[in-house]
Amino acid sequence: MPKTKPLSLIHRPRRLRRTAALRSLVQENHLTVNDLIYPLFVMEGENKQEEIVSMPGSYRYSLDLLLKEIVEAFGLGIKAIALFPLVPDEKKDNQGTEGYNADGLVQQTVKAIKKEVPDITIITDVALDPFSTYGHDGIVEDGKILNDETVAVLAKMAVSQAAAGADVVAPSDMMDGRVGAIRQALDEAGYLDVAILAYSAKYASAYYGPFRDALSSAPQFGDKKTYQMDPANTRESLKEVGLDIAEGADLVMVKPALAYLDIIHLIREHTQLPVAAYNVSGEYAMIKAAAEKGWIDEKKVVLETLTSMKRAGADLILTYFAKEVALMLL
Ligand code: PBG
């Protein structure tokens with residue numbers, strides 16, 4: 001190259017990007033294994049592990065194999081899991097009764113995890129859909145989802161999960177008033193220290209498809225738009241988060257994450273509570289599918305994607321990539 005006269009620049013931002021050491025000194029956001037919550041699917045039976053077709057690398061486990069997976073995850077530094085059950089059709093009904101069966105799959109699983117890995121934080125899902133014949137998050141009457149009747153069931157579910165040993169209960173249903181009712185029910189039952197992770201800004205998203213495959217929990221009619229939020233709305237997320245905090249939420253969540261980074265950012269600016277982001281099943285599936293085709297570098301895309309959630313303001317990330325990421329960060 002012929003000699004060029006240097007530009008007289010005062011600032012050359014590239015100075016701080018010159019070496020890996022310099023870059024790491026000025027890195028603003030960090031993804032660590034402490035940020036990760038590992039969602040896991042449990043099913044009845046023994047020695048069973050089924051790969052979820054639309055979520056390659058994710059499995060439904062029977063309890064014995066789930067425990068192995070959790071021991072491994074904990075060994076990698078993952079400190080929290082979020083549990084979701086696959087419920088056989090014959091145990092489903094319109095009221096989600098199985099959800100508060102003291103000997104139900106979730107309750108048995110929580111007890112077994114507490115025994116095997118006492119120091120891992122167990123987060124249980126509070127919603128009717130895995131237990132509902134209709135695949136809806138609430139009780140159905142004349143094609144409508146009943147709010148207050150559903151909230152009463154959710155409170156019972158939360159108490160029975162706490163009784164089994166859950167550390168955190170996470171209502172993902174989007175019924176009005178459920179956080180307050182759950183807090184009151186937990187306190188009355190003596191579970192003062194069980195925390196509530198509220199799915200506060202949960203949108204009616206097409207990104208949940210693979211999760212519904214995993215649990216055979218797709219809605220049998222209609223959609224979830226009468227309770228989950230409209231993806232076009234921003235201000236409404238502040239309203240939902242504000243209500244959940246007023247009702248006693250300990251942590252709030254934005255879900256999905258990737259298409260809602262603006263919402264994560266907004267909520268982070270408006271609340272002192274920890275904010276969780278759910279890197280949902282469809283976000284996982286898209287990366288897996290493109291990587292399988294050899295079109296993207298999976299590891300790099302996963303780290304970049306999860307870091308974008310931290311940058312947006314998430315303190316915690318629920319992700320099916322948790323174990324993979326923990327291994328990458330070792
Ligand atoms: C339902 C629930 C859903 C997810 C978590 N809890 C699906 C839905 O609302 O239909 C989705 C998680 C994911 O897609 O990874 N209460």
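Refer to the structure presented above.
Residues numbered from 1 in each chain as written. Predicted model: local features only at pLDDT ≥ 70, side-chain atom pairs only at ≥ 80, totals over all residues. Heavy atoms only, no water.

Undergrad: Which parts of the structure should I look at to understand unusual backbone geometry?
TA: A cis amide bond, omega -10°, links K255 with the succeeding residue P256. For P256, the location among the structural elements is in the loop between β10 (251-255) and α8 (261-270). Positive phi, close to 55°, is recorded for N47, a residue that is not glycine. Checked against the element boundaries, N47 lands in the loop between β1 (36-43) and β2 (49-52). Non-glycine residue S216 carries a positive phi angle of around 45°. With respect to the helices, strands and loops of the structure, S216 is situated in the loop between α6 (209-215) and α7 (235-247). Classification of S216 by relative accessible area gives partly exposed; the value is 46%. (Helix = DSSP H or I, 4+ residues; strand = E, 2+ residues; numbered from the N terminus. Buried < 20%, exposed > 50% of the residue type's maximum accessible area, 1.4 Å probe, protein only.)

Undergrad: I'm lost on the nonpolar core in this one. Help?
TA: In a soluble, globular protein the nonpolar side chains are often hidden away together inside. In terms of nonpolar packing, the biggest core is built from 103 residues, with F41, I81, I113 and Y278 touching the most fellow members. Leaving out residues up to four positions away in the same chain, Y278 has contacts with P39, F84, Y199, F211, M253, V254, K255, P256, A257, E283, L318 and Y320. (Core = buried A, V, L, I, M, F, W, Y, C linked by side-chain atoms within 4.5 Å. Contact = heavy atoms within 4.5 Å.)

Undergrad: Honestly, the packing of aromatic side chains in this entry has me stumped. Any pointers?
TA: How two aromatic rings sit relative to each other is set out by the distance from centre to centre and by the angle between their planes. On inspection of all chains with the given rule, the structure shows eleven aromatic pairs. Summarising the aromatic geometry, the rings of Y134 and F221 are spaced 5.8 Å apart at their centres and angled 80° between planes, so their arrangement reads as edge-to-face. With Y134 in the loop between β5 (121-126) and β6 (139-141) and F221 in the loop between α6 and α7, this residue pair connects regions lying 87 residues apart in the sequence. For the ring pair Y203 and Y260, a centre distance of 4.4 Å and an interplane angle of 25° mean the geometry is stacked. Taken together, the positions of Y203 in the loop between β9 (195-202) and α6 and Y260 in the loop between β10 and α8 put the pair 57 residues apart, joining distant regions of the chain. With respect to class, Y203 is no different from Y260; both count as buried. Here the aromatic residues F41, F84, Y199, F211, Y278, Y284, Y320 and F321 are joined through ring pairs into a cluster of three or more. Positioned above the aromatic ring of Y208, the side-chain terminus of K202 is 5.4 Å from the ring centre. Over the aromatic face of Y278 sits the side chain of K255, whose NZ or CZ is 4.8 Å from the ring centroid. (Phe/Tyr/Trp six-rings, centres within 6.5 Å; stacked < 30°, edge-to-face > 60°. Lys NZ or Arg CZ within 6 Å of the ring centre and 35° of its normal.)

Undergrad: Please clarify how a positive patch on the surface should be interpreted in this entry.
TA: Together, R12, R14, R15 and R17 make up a positively charged patch on the protein surface. Mapped onto the secondary structure, R12 falls in the segment before α1 (20-25). Taking relative accessible area as the criterion, R12 reaches 37% and is therefore assigned partly exposed. (Patch = residues over 30% accessible without salt bridge, like charges linked within 9 Å, V, L, I, M, F, W, Y side chains within 5 Å. Areas by Shrake-Rupley, 256 points an atom, 1.4 Å probe, with all protein chains shown as cover. Salt bridge = Lys/Arg side-chain N within 4 Å of Asp/Glu carboxyl O. Lys, Arg positive; Asp, Glu negative; His and termini not counted. Charge placed at Lys NZ, Arg CZ, Asp CG, Glu CD.)

Undergrad: Is there a simple way to explain the pattern of salt bridges in this structure?
TA: Pairing is possible between side chains that carry opposite charge, provided their charged atoms lie close to one another. Under the counting rule described, the total for this entry stands at 17 salt bridges. Residues K91 and E44 are paired through a salt bridge, measuring 2.6 Å at the closest nitrogen-oxygen approach. Of this pair, K91 sits in the loop between β4 (80-85) and α3 (105-116) while E44 sits in the loop between β1 and β2, and the two are 47 residues apart along the sequence. Since its relative accessible area comes to 33%, E44 is described here as partly exposed. A salt bridge links R178 to D244, with the shortest nitrogen-to-oxygen separation between them at 3.2 Å.

Undergrad: Help me out: how do you make sense of the site of the ligand in this one?
TA: The full set close to the ligand counts 16 residues, and R212, K224, K255, S281 and Y320 are the nearest of them. The contact in question runs from a nitrogen atom of the ligand to an N or O atom on the side chain of D129, over 2.9 Å. Taken by itself the ligand offers 400 Å² of open surface, and the protein chains cover 100% of this. Classifying every residue of the shell around the ligand gives seven nonpolar, three polar and six charged. (Near = heavy atom within 4 Å. Polar contact = N/O pair within 3.5 Å; in protein donor to acceptor, adjacent residues only side chain to side chain. Nonpolar A, V, L, I, M, F, W, Y, C, P; charged D, E, K, R; others polar.)

Undergrad: Quick question: what am I supposed to make of the environment of Q272 here?
TA: With respect to the secondary-structure elements, Q272 resides in the loop between α8 and β11 (275-279). Overall, Q272 belongs to the exposed group, its relative accessible area being 78%. C-alpha of Q272 to C-alpha of I245: the two residues are 27 residues apart in sequence and 10.0 Å apart in space.

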